[in-house]
2 protein chains.
Amino acid sequence: MPITMYDLAAADPDIRFSPYCWRTRFALAHKGLPVETVPWRFTETERLAFSGQGRVPVIVDGDTVVSDSWEIAVYLDRAYPDRPRLIPQGGSAHALFLNAWADLTLQAGIARLIVADVWLVLRPEDQPYFRASREKLFRKTLEEVVAGREERVVDFRRTLAPLRGVLARQPWLGGEAPDYADYIVLGSLQWPRCVSRFALLEDNDPVREWRDRGYALFDGLGAAARTV
Amino acid sequence: MPITMYDLAAADPDIRFSPYCWRTRFALAHKGLPVETVPWRFTETERLAFSGQGRVPVIVDGDTVVSDSWEIAVYLDRAYPDRPRLIPQGGSAHALFLNAWADLTLQAGIARLIVADVWLVLRPEDQPYFRASREKLFRKTLEEVVAGREERVVDFRRTLAPLRGVLARQPWLGGEAPDYADYIVLGSLQWPRCVSRFALLEDNDPVREWRDRGYALFDGLGAAARTV
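The structure reproduced in this document is the subject of the present report. (Residues numbered from 1 in each chain as written. Chains lettered and ligands numbered in written order. Predicted model: local features only at pLDDT ≥ 70, side-chain atom pairs only at ≥ 80, totals over all residues. Heavy atoms only, no water.)

1. A word on the sheet that holds strand S1 (residues 3-8) of chain B
All names here are of chain B. Overall, mixed pairing links the 4 strands, which are arranged S2-S1-S3-S4 in an open sheet. Since the sheet does not close on itself, it has two edges, and those belong to strand S2 (35-40) and strand S4 (64-67), each with one partner. Each strand of the sheet is rotated relative to its neighbour by a mean of 20 degrees, with strand direction disregarded. Where S1 lies against strand S3 (residues 58-61), 3 bridges are found, and the strand directions are antiparallel. Its bridge partner being in S3, Thr4 is matched across the sheet by Val60. (Pairing = 2+ DSSP bridges. Helix = DSSP H or I, 4+ residues; strand = E, 2+ residues; numbered from the N terminus. Axes fitted to C-alpha atoms, helices over the stretch in contact; angles between N-to-C directions.)

2. Overview of the side chain of Asp117(B)
Residue and element names in this part refer to chain B. Considering the arrangement of structural elements, one finds Asp117 in helix H3 (residues 92-121). Taking relative accessible area as the criterion, Asp117 reaches 13% and is therefore assigned buried. Only 2.9 Å separates the side chain of Asp117 from the side chain of Arg149, close enough to count as a polar contact. In this structure, Asp117 is in contact with Arg149, Val195 and Ser196, ignoring residues within four places of it in sequence. (Buried < 20%, exposed > 50% of the residue type's maximum accessible area, 1.4 Å probe, protein only. Polar contact = N/O pair within 3.5 Å; in protein donor to acceptor, adjacent residues only side chain to side chain. Contact = heavy atoms within 4.5 Å.)

3. Notes on the pattern of salt bridges
Per the counting criterion, the structure on display carries 36 salt bridges over all chains. The shortest N-O distance in the salt bridge between Arg169(A) and Glu71(B) comes to 2.8 Å. Of this pair, Arg169(A) sits in the loop between helix H7 (161-167) and helix H8 (180-195) while Glu71(B) sits in helix H2 (residues 69-79), each in a different chain. In this structure Arg169(A) comes out as partly exposed when scored by relative accessible area, which is 45%. Where Arg158(B) meets Asp155(B), a salt bridge forms, and the shortest distance between an N and an O atom there is 3.0 Å. With Arg158(B) and Asp155(B) both in helix H6 (residues 149-158) and 3 residues apart, this pair spans about one turn of that helix. By relative accessible area, which is 45% here, Asp155(B) ends up partly exposed. (Salt bridge = Lys/Arg side-chain N within 4 Å of Asp/Glu carboxyl O.)

4. Some details on the environment of Ser69(B)
Residues and elements named next belong to chain B. As for its position among the elements, Ser69 is in helix H2. Note: C-alpha distance between Ser69 and Arg197 (128 residues apart in sequence) is 26 Å. Setting aside residues no more than four positions away along its own chain, Ser69 makes contact with Tyr20, Arg23, Thr24, Pro57 and Tyr180.

5. As for the interface of chain B and chain A
With 28 residues of chain B at the interface, the matching set in chain A holds 28 residues. For the pair chain B and chain A, the two sides together bury roughly 2300 Å², of which 70% comes from carbon and sulfur. In terms of surface lost to chain A, no three residues of chain B exceed His94(B), Phe97(B) and Arg169(B), which account for 33% of the buried area on that side. Taken together, the connections running from chain B to chain A amount to 4 residue pairs in polar contact (both at pLDDT 80 or more). Among the secondary structure elements, those contributing two or more residues to the side of chain B that touches chain A are H2, H3 and helix H7 (161-167) of chain B. By residue number, the principal contributor to the side of chain B that touches chain A is H3(B), which donates 10 residues. Among the residues making up the side of chain B that touches chain A, the classes are represented as 16 nonpolar, 9 polar and 3 charged. (Buried area = accessible area lost by both parts, 1.4 Å probe. Nonpolar A, V, L, I, M, F, W, Y, C, P; charged D, E, K, R; others polar.)

6. Overview of the relation of the copies chain B and chain A
With an axial shift of 0.0 Å and an RMSD of 0.0 Å, the rotation relating chain B to chain A amounts to 180 degrees. Each copy turns onto its partner about a two-fold axis. Residue Gly91(B), judged by its C-alpha, is the member of chain B lying nearest the rotation axis, at 2.5 Å. (Least-squares fit on C-alpha atoms with pLDDT ≥ 70 in both.)

7. Structural notes on the packing of helix H1 (residues 19-31) of chain B against H3(B)
Residue and element names in this part refer to chain B. Viewed as axis vectors pointing N to C, H1 and H3 meet at an angle of 145 degrees, and their least axial separation amounts to 12 Å. Once H1 is placed against H3, the crossing between them reads as right-handed. Along the contact surface, H1 presents Pro19, Tyr20 and Arg23, while H3 presents Asn99, Ala102, Asp103 and Gln107. Class assignment of the residues belonging to the contact of H1 with H3 gives a composition of 3 nonpolar, 2 polar and 2 charged. (Left-handed = near helix turned anticlockwise from the far one by under 90°.)

In structure tokens form, the structure reads like this:
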């Protein structure tokens, strides 16, 4: 029986834009595990009640329910030890730093550039929740958050320097081959790519070349994502 | 025969402030390897000619000469496999991201707050080199670089969010016990601590609590460092 994954969707159910859900999609593909995704929207928290919390991704693997993209990656390595590892044995402490950087630096930076574009792709009934919760977080309107992004994107691109530093030394964040380190950041970057036409990366940025290689993996899983 | 390490020194030869040299000091202590340090100053590049390059740290271990703090950590794990590992087997690709983040984000942020204080601790004969090279890099005078730091430090502290994210889940960056991930960042933070009285971290920052635990390791190696 394939694994079921609850996956954040836009008004268009084929636009799946959660960075965390994308991490899990790539992780499942890396493990070679088939998945059936179920579109889910921000306000449908009661549909996730069985998982004991209200956010996606949630996977259902037989009798096992796991939420939180990091916990899902750890679970998949534990439950499927004979398939390619996502996180090197003994290396999870270090991967956790990259995960925290992607969540707290990279995605915070992306949000300040494209959060108003997220609102645009949502169903009308999900828009009020999204606007209210994000405006409370930023203490600004969504439109004020993204104002001046054409200038500010230069600073954002500077925060990607550690990725360029690693990619100058090895082809993947995981080393000679991609692993969960890559899927963390590929997931983060899929989010703005799916919901926004704003040009986050310069054409000649090595991060872009790596990203495109990553989206070509697994028969083009990332590249095939529906975008606005 | 103990390992010899060339170590960046201030005018006061007991002030050792290179973040990279500190990483190596902690790495050697983790391995339980005795070391004799040799004070070295920025302009003494010819004294390092034997290493084929002009920067510290350089270690001399019998017939082996290794430069670059990352390469030294990799060398120590390879040459002393029976001693506690610095980088988990198979985990070096992920540790490299933390190393790149510390070099390119953390230290760049620290430099913008304290680079003028570094100049103050140098020998008069080393000051012109330091000022010229750093002012070329920043395209500003050292004093202009650090101007407004009391306000700007708030943004700097925000860039430490990924460290706090990891330390909320585990006691050390390396997991349950410290490893090279910790020494990378402890090294970076030793630099401003040794040369500057500027308060980089707030008193209640969890990063500070972790740092102080780190400086207590190895009989207080980090805590005992001479500071201005």
